[in-house]
Amino acid sequence: MKLQRKNRLRATALGALAVSGALVLTACGSDDNTTSSSTTGGSSQSASAAASDISCDGATGQLLASGSSAQKNAVDLWVKNYMAACSGVEVNYKSSSSGEGIIAFNQGTVGFAGSDSALKPEEVADSKKICKTGQGINLPMVGGPIAIGFHLEGVDSLTLDAPTLAKIFDTKIKKWNDAAIAKLNPGVKLPDKAIQPFHRSEDSGTTQNLGKYLAATAGDNWKYEPEKKWPAPGGQAATGSAGVAAQVKQVDGAIGYFELSYATSQSISTVDINTGASAPVKATPENASAAIAAAKIKGTGKDLALDLDYTTKAENAYPIVLVTYEVVCDTGNKAETLPTVKSFLTYTASDAGQKVLTEAGYAPIPAEINTKVRETIAALS
């Protein structure tokens with residue numbers, strides 16, 4: 001019976017892929033942050049490979065999740081692949097913010113949450129009310145660069161360093177032709193135009209990761225503690241990574257921060273970062289991977305929170321990176337959703353699931369760390 005069930009699932013998956021293979025694997029979101037379709041044969045082949053990597057045994061019903069908007073484009077791809085393979089299972093991920101995702105998780109309304117920052121001690125304490133026999137843990141699942149996107153008519157390439165970036169977002173540098181910017185961009189004709197910095201309006205792990213980078217590298221030019229809430233005065237706020245990207249796309253003179261796929265999908269120019277290496281470093285998945293590969297696990301027990309090095313000066317290592325965690329209970333997960341949580345996360349951490357990240361402009365989790373992620377998922381209870 002089990003073999004027959006698997007055969008039926010395989011047939012269902014292949015049938016779904018034949019109809020929607022072009023929709024299953026797409027590089028990134030459109031202006032409204034939904035994935036665009038493609039009819040290339042490569043996408044269909046990748047989708048078929050992903051489906052063959054998915055085990056649906058035990059998965060059933062609807063799984064609710066929410067959190068980080070930075071990982072939304074990756075989750076959208078995972079969900080399409082997974083639901084094509086697992087007939088009758090619905091995964092619904094609400095893209096909001098890391099802060100909102102953790103609140104939802106600790107209220108018991110979602111099976112897992114996405115967060116660009118590891119759980120704080122007080123959030124772990126709160127999770128024990130929901131994880132009756134355990135606690136919330138961090139599973140690193142998505143890596144990538146936090147792109148600094150800009151829109152400046154007549155300027156396609158721009159280099160900034162941490163002190164200058166800090167002064168821009170702290171509204172201490174107000175014009176694009178400021179001497180500090182000009183010094184980093186010899187030969188570039190910078191306009192006498194006001195800088196319009198945009199930041200996230202809600203609590204955001206992306207904000208916190210940018211804050212960690214600036215706090216570690218900008219010296220006295222950034223005096224704020226790295227928190228999920230935007231700390232500096234001035235600037236303009238927008239909701240979610242999609243909202244910040246949309247404003248940068250529309251406003252001449254704008255600058256903002258968001259996960260790279262938002263810049264790629266909307267053709268937004270991104271800043272190269274002068275880290276002190278021999279050449280400024282571009283925001284690419286490969287360059288982000290070079291920085292994430294140096295991360296160390298700082299979590300204890302089953303918690304796999306990472307310690308990232310934002311001060312790296314290694315060649316081709318892009319320093320403004322984030323790792324998005326899927327937050328789950330190590331033990332004490334709800335019986336009705338546990339099989340689907342394990343099935344879905346097993347796929348996202350698989351070789352096929354991580355390959356989707358590269359194709360979508362994200363950075364896969366380094367193999368040594370991902371091995372531990374898979375072991376932890378298998379032991380969830």
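Residues numbered from 1 in each chain as written. Predicted model: local features only at pLDDT ≥ 70, side-chain atom pairs only at ≥ 80, totals over all residues. Heavy atoms only, no water.

(A) How the structure looks around the packing of helix 3 (residues 72-85) against helix 13 (residues 351-359). At a minimum axis separation of 10 Å, helix 3 and helix 13 run at an interaxial angle of 135°. As far as their axial angle goes, helix 13 and helix 3 are oblique. Note on packing geometry: the crossing formed by helix 3 with helix 13 is right-handed. Facing A74, L77, W78 and N81 of helix 3, the residues of helix 13 in contact are G353, Q354, V356 and L357. When grouped by side-chain class, the residues that make up the contact of helix 3 with helix 13 number 5 nonpolar, 3 polar and no charged. (Axes fitted to C-alpha atoms, helices over the stretch in contact; angles between N-to-C directions. Helix = DSSP H or I, 4+ residues; strand = E, 2+ residues; numbered from the N terminus. Parallel < 35°, antiparallel > 145°, perpendicular 65-115°, else oblique. Left-handed = near helix turned anticlockwise from the far one by under 90°. Contact = heavy atoms within 4.5 Å. Nonpolar A, V, L, I, M, F, W, Y, C, P; charged D, E, K, R; others polar.)

(B) Quick peek at helix 11 (residues 285-292). Among all positions of helix 11, only P285, N287, A288, A291 and I292 are buried. Viewed along the axis of helix 11, the buried residues span an arc of 165°, placing them on a single side of the element. Of the surrounding elements, those touching the buried residues of helix 11 are strand 4 (136-151), helix 10 (260-265) and strand 13 (321-329). (Buried < 20%, exposed > 50% of the residue type's maximum accessible area, 1.4 Å probe, protein only. Arc of directions from axis to C-beta.)

(C) Layout of the layout of surface pockets. Approximately 230 Å³ is the volume found for the second largest pocket. Contributing to the lining of the second largest pocket are 15 residues, with A118, L119, N138, D303 and A305 lying nearest its centre. At the level of secondary structure, the elements contributing two or more residues to the lining of the second largest pocket comprise strand 4 and helix 8 (205-217). Here the lining of the second largest pocket is composed, by residue class, of 4 nonpolar, 7 polar and 4 charged. (1 Å grid on protein atoms, 1.4 Å probe; cavity = no way out; pocket = protein on both sides within 12 Å on 5 of 7 lines; lining within 4 Å. Points joined across faces, edges and corners; volume = space filled by probe spheres on them.)

(D) Focus on the environment of A166. Position of A166 among the secondary structure elements: in helix 6 (residues 162-169). Its relative accessible area of 0% is what places A166 among the buried residues. Sequence separation between A166 and G219 is 53 residues; the distance between their C-alpha atoms is 9.3 Å.

(E) Just the pattern of salt bridges, in detail. Taken as a whole and judged by the stated rule, the model has 10 salt bridges. In this structure, the salt-bridge partner of D126 is K129, at a minimum N-O distance of 3.9 Å. (Salt bridge = Lys/Arg side-chain N within 4 Å of Asp/Glu carboxyl O.)

(F) View of the pairing of strand 4. The buried count for strand 4 comes to 16 of 16 residues, which makes it a mostly enclosed element. Across 9 bridges, strand 4 lies against strand 13 in antiparallel orientation. Its bridge partner being in strand 13, P140 is matched across the sheet by Y325. Across 6 bridges, the pairing between strand 4 and strand 8 (residues 254-259) is antiparallel. Following the sheet pairing, G149 is matched in strand 8 by G256. For strand 4 and strand 9 (residues 269-270), the ladder comprises 2 bridges, and the chain directions are antiparallel. Directly across from F150, in strand 9, lies its bridge partner S269. (Pairing = 2+ DSSP bridges.)

(G) Representation of the packing of helix 6 against helix 8 in the model. Running from N to C, helix 6 and helix 8 point in directions that differ by 125°, and their axes come no closer than 9 Å. Classified by the angle between their axes, helix 6 and helix 8 sit oblique to one another. You can see that helix 6 and helix 8 cross each other, and the crossing is left-handed. Side by side, helix 6 and helix 8 meet where A162, P163, L165, A166 and F169 of the first sit next to L210, Y213, L214 and T217 of the second. The residue makeup of the contact of helix 6 with helix 8, split by class, is 8 nonpolar, 1 polar and no charged.

(H) Structural context of the packing of aromatic side chains. A full pass over the atoms with the stated rule returns 7 aromatic pairs. Taken together, a centroid distance of 5.7 Å and an interplanar angle of 20° make the contact between W230 and Y257 stacked. Of this pair, W230 sits in the loop between helix 8 and strand 7 (236-238) while Y257 sits in strand 8, placing them 27 residues apart in sequence. As far as burial versus exposure is concerned, W230 and Y257 are alike and both buried. Here a set of aromatic residues connected by ring pairs shows up, and it is made of F169, W222, Y224, W230 and Y257. (Phe/Tyr/Trp six-rings, centres within 6.5 Å; stacked < 30°, edge-to-face > 60°.)

(I) View of the pairing of strand 1 (residues 61-67). Direction of pairing for strand 1 relative to strand 2 (residues 89-95): parallel, over a ladder of 7 bridges. By the bridge assignment, G61 is partnered in strand 2 with V89. Across 3 bridges, the pairing between strand 1 and strand 3 (residues 112-115) is parallel. Note on strand 3: the bridge partner recorded for G67 is G114.

(J) How the structure looks around unusual backbone geometry. Of note in this structure, T171 is not a glycine but carries a positive phi near 55°. Here T171 is to be found in the loop between helix 6 and helix 7 (179-184). Although it is not a glycine, N316 adopts a positive phi angle of roughly 60°. Mapped onto the fold, N316 is located in the loop between strand 12 (306-307) and strand 13.

(K) Structural detail: helix 4 (residues 98-106). Among the 9 residues that make up helix 4, 7 are buried, leaving the element largely enclosed by the rest of the structure. Taken together, the buried positions of helix 4 are occupied by S98, G99, G101, I102, A104, F105 and N106. In this structure, the buried side of helix 4 is in contact with strand 1, strand 3, helix 5 (121-127), strand 4, helix 8 and strand 13. Where helix 4 ends, the next residue or the one after it, G108, has phi of about 80°, a positive value.

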